Amino acid sequence: MKKLFVANWKQYISYNEAIALAEDLIDIESEKFSVVIAPQHIALSSIASMDAMFSLCAQDCFWEKSGAFTGVVSVADLKAIGVSYVIIGHSERRKYFNETDEIAAKKVKASIDAGLTPILCVGESRDEFETGQTMKVLEKQLSVSLSLLNVRDIDDVIIAYEPIWAISGFGGVKANDACETEKTIKWIKDNFGEAKVLYGGSVNHENISEIVNLDSCDGVLVGFSSVNIDSFRKMIQ
Ligand code: PGA
């Protein structure tokens, strides 16, 4: 079965650049990967109308169906325009928008109920990594974030293990060591059912094979390296 390649474009590129990049990728095919693109919300519906080979992912969602909630986007609307996946609990949302595991739990539940596949991001800080607390941190993040689901729905969640200290790999930041990654992903699978587990954090065309060759790893969530067409193509080859 193909592994998942999720391109998280964050706010790296403008609306026009996202449309142009998506057009370049319209016929994208990979023997190794199912390709998923996560552009900014504003570009989702234009890209959804392109009839492209990739699937679409939102970078965030809101859990309420409708009401006086300024500035948010509902899971039902994401689903209605053709989005299949939604990233939830990304460390940048936790850092800049104070998102908690409790908030992630509501978003995960709303997405599952709407028929979207949540990509739930979890991961430890550098300090937590260095003091050996990775599993403890993940245990809390995952048990709270998945707490509103029926047990059978947990297998429909994709978990993205993203050590915070390995994200945005420029300025000397490096991806987590493959052995460490393998150990952590196995631990997640042993403790949280059959969910697919991705790795994210400084994935690029040089290290992607080592990561996706890990048996336990079901794919990658890629930020910075996915907004450049050449590096995108090299990674999914
Ligand atoms: P990065 O981002 O590939 O730029 O480290 C990954 C992510 O934040 O999902």
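Before reading on, note that the structure itself is shown above.
Keep in mind it's a predicted model, so treat the numbers as computed, not measured.

Moving on, we come to the site of the ligand. Near the ligand there are 13 residues, and of these Lys10, His90, Glu162, Ser168 and Gly223 occur at the shortest range. One of the side-chain nitrogen or oxygen atoms of His90 is found 2.7 Å away from an oxygen atom of the ligand. Protein coverage of the free-state accessible area of the ligand, which is 280 Å², stands at 99%. Class assignment of the residues belonging to the shell around the ligand gives a composition of four nonpolar, seven polar and two charged.

As a further point, take helix H2 (residues 41-48). Listing the buried residues of H2 in full gives Ala43, Leu44 and Ile47. End-on view of H2: buried residues confined to an arc of 125 degrees, all on one side of the axis. Looking at the buried residues of H2, the elements they touch are helix H1 (15-24), strand E3 (55-58) and helix H3 (75-81).

Another point: the pattern of salt bridges. Within the structure shown, the criterion is met by eleven salt bridges. A salt bridge links Asp218 to Lys189, with the nearest nitrogen and oxygen atoms 2.6 Å apart. Here Lys189 lies in helix H9 (residues 178-191) and Asp218 lies in the loop between helix H10 (208-212) and strand E8 (219-222), a separation of 29 residues in the sequence. What makes Asp218 buried here is its relative accessible area of 17%. Because the salt bridges share partners, they merge into one network encompassing Asp60, Arg93, Glu99 and Lys107.

Here is what the cut-offs are and how they apply
- Residues numbered from 1 in each chain as written.
- Predicted model: local features only at pLDDT ≥ 70, side-chain atom pairs only at ≥ 80, totals over all residues.
- Heavy atoms only, no water.
- Near = heavy atom within 4 Å.
- Polar contact = N/O pair within 3.5 Å; in protein donor to acceptor, adjacent residues only side chain to side chain.
- Areas by Shrake-Rupley, 256 points an atom, 1.4 Å probe, with all protein chains shown as cover.
- Nonpolar A, V, L, I, M, F, W, Y, C, P; charged D, E, K, R; others polar.
- Buried < 20%, exposed > 50% of the residue type's maximum accessible area, 1.4 Å probe, protein only.
- Helix = DSSP H or I, 4+ residues; strand = E, 2+ residues; numbered from the N terminus.
- Arc of directions from axis to C-beta.
- Contact = heavy atoms within 4.5 Å.
- Salt bridge = Lys/Arg side-chain N within 4 Å of Asp/Glu carboxyl O.

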